[in-house]
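Structural features, examined
This is what each chain is made of:
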Amino acid sequence: MSWESVIGLEVHVQLNTDTKIFCSCKNEFGAEPNTNVCPVCLGFPGVLPVFNKRVLEYAIKVGLALNCKIASYTKFDRKNYFYPDLPKAYQISQYDMPICESGYLEIEVNGALKRIGIKRVHMEEDAGKLIHEKDYSLVDYNRTGVPLLEIVSEPDLRSPDEAYEYLTELKQIVRYLGVSDCDMEKGSLRCDANISVRKKGDTQFGTKTEIKNLNSFKGVRSALEYEIRRQIKLLEAGETVIQETRLWSAERQITIPMRSKEEAHDYRYFPEPDLLPIEVSLDMINNIRKELPEMPRERRHRLVKEYGITDYDANVICLERDFADYFESCAKVCKSPKRCANLMITILSEKLNDLGIDISQLKISPNALAELVDLWEEGKINNLVVKQVLEEMINTGKSAKDIVEEKGLSQVSDEGELERFAKEAIEKNPKVVQDYRSGKKNAVMFLVGQVMKATRGKANPQKVRELLEGLLED
Ligand SMILES: [Zn+2]
């Protein structure tokens, strides 16, 4: 029997505003526990929340980028439940009138675009962080009141791979907007997954389970794969899937039951009496729309068209906005955007990785990198030398031209000089020559290697090969 999985994702994104959502405490990751707190976010009796307008702007930004309808009138609600990380015993969230609804995001599935519906995006406050030790638990209230957006997809995803694609695209969009760093390790992006299976062709949904505790995109994919197998096995054995919340154990690579799924009425939602409803003007929405940056998908397409680079290169370059900005600055002034792309996603990325920095911390300007690209493009240096020059540029801050000149790294392309090296290699290696002449054409690569060595890597390997083959055929 053939089965189909139905997946919806709930993603929580922490917004990187300077202060919390309802008080003026700093919103900062990694501070000493319980130092960024005040009576408001600690839930003292009688205190009143004051809404941080920046949160509304960020929510609208995300909503517009996800093609949502932005509410002209929205409000906060209380979601009541008790937990040690929630000192007020309620969370201020949005229930029936979220700020954004009915949007979509496009992902690529087998080379075609697929629209994944966004049901809603709402604003809420984060709870504190519990740290469980062996026989006691600690709580850090620095996180209470950190602004969150909950982004809920429609159950439009049909496979763990699609879920992975969706998360990747969503993260990229939110990062492009600059409203969150979406770092799952720091908890600034968190994801819960709803999943059910049904027979292919059925229109009714099966009973779903919710998976929590997913702490990486790969974890999401593995957990979904596991849960699909588990549900299918149950159904094929004639048993039923129980609607419940399950935890993903990354250690054991299985999901385990956590609790029966709570319903909305368990939370006794009611309108937050301490906050006024919010009217969102068209002006505000239009102003935010004007500020939206180009989204990653459009940018990828534009880079392919404008600079003639490959889809693959454009994908890699557009992963981060800073990186794409840098590429464009460099590509505009250099002689070969293609070579620039190539250099940036291989040698430069490797170097950034080694140094543990990102492109914004690189001390080389796009103009300076363009000079290096041009030297390469014009054949003045070969690819072996490019890396060396780039390293020198990073270490010394000198220009590519100066380094090439000072260190004598110019490619040896003087035919006479190269021929001398080639002849020498042939004379010194009669056995290899014999191999070549008896049909082992690959033997020429050994001789190319000898010439490269003799020129200290400065010859053009392609040229050397042609030259050697010419001499050997004589
Ligand atoms: Zn506070």
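Residues numbered from 1 in each chain as written. Predicted model: local features only at pLDDT ≥ 70, side-chain atom pairs only at ≥ 80, totals over all residues.

1. Side note on the overall build of the protein
Going by this rule: The helix count covers DSSP runs of H or I at least four residues long, the strand count covers runs of E at least two residues long, and both are numbered beginning at the N terminus. Only the C-alpha atoms count toward the radius of gyration. The rule for a globule is 2.2 Å times the residue count to the power 0.38. Each residue is classed by its C-beta neighbour count within 10 Å, where at least 20 other C-beta atoms makes it buried, 12 or fewer makes it exposed, and intermediate counts make it partly exposed; the C-beta atoms are placed from backbone geometry.
Helix and strand counts for the protein stand at 15 helices and 16 strands. Over its C-alpha trace the protein gives a radius of gyration of 29 Å, far above what one expects of a compact globule, namely 23 Å for 474 residues. Projecting the C-alpha coordinates of the protein onto the three principal axes gives extents of approximately 90 × 55 × 50 Å. Buried positions account for 36% of the 474 residues belonging to the protein.

2. Quick notes on the packing of helix α9 (residues 366-377) against helix α11 (residues 400-407)
Rules: Orientation is described by axes fitted as lines to C-alpha atoms, over the contacting stretch for helices, and by angles from 0 to 180 degrees between their N-to-C directions. Our angle categories are set so that under 35 degrees counts as roughly parallel, over 145 as roughly antiparallel, 65 to 115 as roughly perpendicular, and the remainder as oblique. Residues are treated as contacting if the C-beta atoms built from their backbones sit within 7 Å of each other. Charged residues are taken to be Asp, Glu, Lys and Arg, nonpolar residues to be Ala, Val, Leu, Ile, Met, Phe, Trp, Tyr, Cys and Pro, and polar residues to be all remaining types, Gly included.
With their axes 8 Å apart at the nearest point, α9 and α11 run at an angle of 50 degrees to one another. When the interaxial angle is binned, α9 and α11 end up oblique. Only Ala400, Lys401 and Val404 of α11 make contact with α9, whose side of the interface consists of Ala368, Glu371, Leu372 and Leu375. A class-by-class count of the residues in the contact of α9 with α11 yields five nonpolar, no polar and two charged.

3. A word on the sheet that holds strand β4 (residues 77-80)
The strands making up a sheet associate through hydrogen bonds between their backbones, and the pairing can be parallel or antiparallel. Which entries qualify depends on this criterion: Two strands form a pair only when DSSP identifies at least two bridges running between them.
Strand order in this open sheet of three strands is β5-β4-β15, and the pairing throughout is antiparallel. Unpaired on one side and paired on the other, β5 (90-93) and β15 (270-271) mark the two borders of the sheet.

4. Here we look at the domain arrangement of the protein
Note the following rule: The split into domains, and so the bounds of each, comes from an automatic or database assignment of domains.
Taken as a whole, the protein is organised into domain 1 (9-185 + 263-287), domain 2 (294-407) and domain 3 (415-473). Listed per partner, the contact involves six residues of domain 1 and five residues of domain 2. Tallying contributions element by element places helix α2 (residues 160-177) first for the side of domain 1 that touches domain 2, with four residues.

5. Things to note about the pairing of strand β14 (residues 254-260)
Pairing of strand β13 (residues 244-249) with β14, which is carried by six bridges, proceeds in the antiparallel orientation. Along β14, the bridge assignment pairs leucine 247 with isoleucine 256.

6. Remarks on the sheet that holds strand β7 (residues 112-125)
Pairing is mixed in the open sheet, where nine strands are placed in the order β2-β6-β7-β10-β1-β11-β12-β13-β14. Looking at the sheet topology across the chains shown, the edges are occupied by β2 (69-70) and β14. As paired elements, strand β11 (residues 189-199) and strand β12 (residues 209-214) share four bridges and run antiparallel to each other. Bridging from a neighbouring strand, alanine 193 pairs with isoleucine 211 of β12.

7. Structural notes on the nonpolar core
The test is simple: By convention the nonpolar core is taken to be a set of buried residues drawn from Ala, Val, Leu, Ile, Met, Phe, Trp, Tyr and Cys and joined through C-beta atoms within 7 Å.
The biggest cluster of nonpolar side chains holds 56 residues, and the ones touching the most others in it are Ala59, Val121 and Ala193. Among the elements that take part in this core, helix α1 (residues 53-65) stands out by supplying seven residues, more than any other. Leave out the neighbours within four places in its chain, and valine 121 touches Ala59, Val62, Gly63, Leu66, Cys68, Pro98, Ile99, Cys100, Leu149 and Ile151. The next biggest cluster of nonpolar side chains, apart from the first, holds 35 residues, and it includes Phe327, Cys340, Val373 and Val404.

8. Some details on helix α14 (residues 444-454)
Burial in α14 covers these residues: Leu447, Val448, Gln450, Val451 and Met452. For α14, the secondary structure elements touched by its buried residues are α12 (415-428), α13 (430-437) and α15 (461-473).

9. A short note on the environment of isoleucine 309
Residue position: isoleucine 309 is located in the loop between α5 (296-307) and α6 (311-317). Between the C-alpha atoms of isoleucine 309 and tryptophan 376, which are 67 residues apart in sequence, the distance is 17 Å.

10. Description of the environment of asparagine 16
Among the structural elements, asparagine 16 can be located in the loop between β1 (3-14) and α1. Classification of asparagine 16 by C-beta neighbours within 10 Å gives partly exposed; the count is 18. When the C-alpha positions of asparagine 16 and serine 188 are compared, they lie 8.9 Å apart, and in sequence the two are 172 residues distant. Contact partners of asparagine 16, with chain neighbours within four places excluded, come to Val179, Ser180 and Asp181.

11. Some remarks on unusual backbone geometry
With glycine set apart, most residues show a phi of negative sign, and most peptide bonds adopt trans. Of note in this structure, asparagine 34 is not a glycine but carries a positive phi near 60 degrees. Residue asparagine 34 is classed as partly exposed on the basis of its 14 C-beta neighbours within 10 Å. At arginine 268, a position not held by glycine, the phi torsion is positive, near 50 degrees. As for its placement among the helices and strands, arginine 268 is situated in the loop between β14 and β15.

12. Here we look at the environment of histidine 122
Summarising the element assignment, histidine 122 is placed in strand β7. Each C-alpha atom of the pair histidine 122 and isoleucine 60 lies 9.8 Å from the other, and the pair is 62 residues apart in sequence. If near-sequence neighbours (up to four positions away) are discounted, histidine 122 is found in contact with Ser93, Gln94, Pro98, Ile99 and Glu150.

13. Topic: the pairing of β4
The pairing of β4 with β5 spans four bridges and is classified as antiparallel. Residue pairing across strands places aspartate 77 opposite serine 93, the latter belonging to β5. Of the strand pairs in this sheet, β4 and β15 are connected by two bridges, and their pairing is antiparallel. Its bridge partner being in β15, aspartate 77 is matched across the sheet by proline 271.

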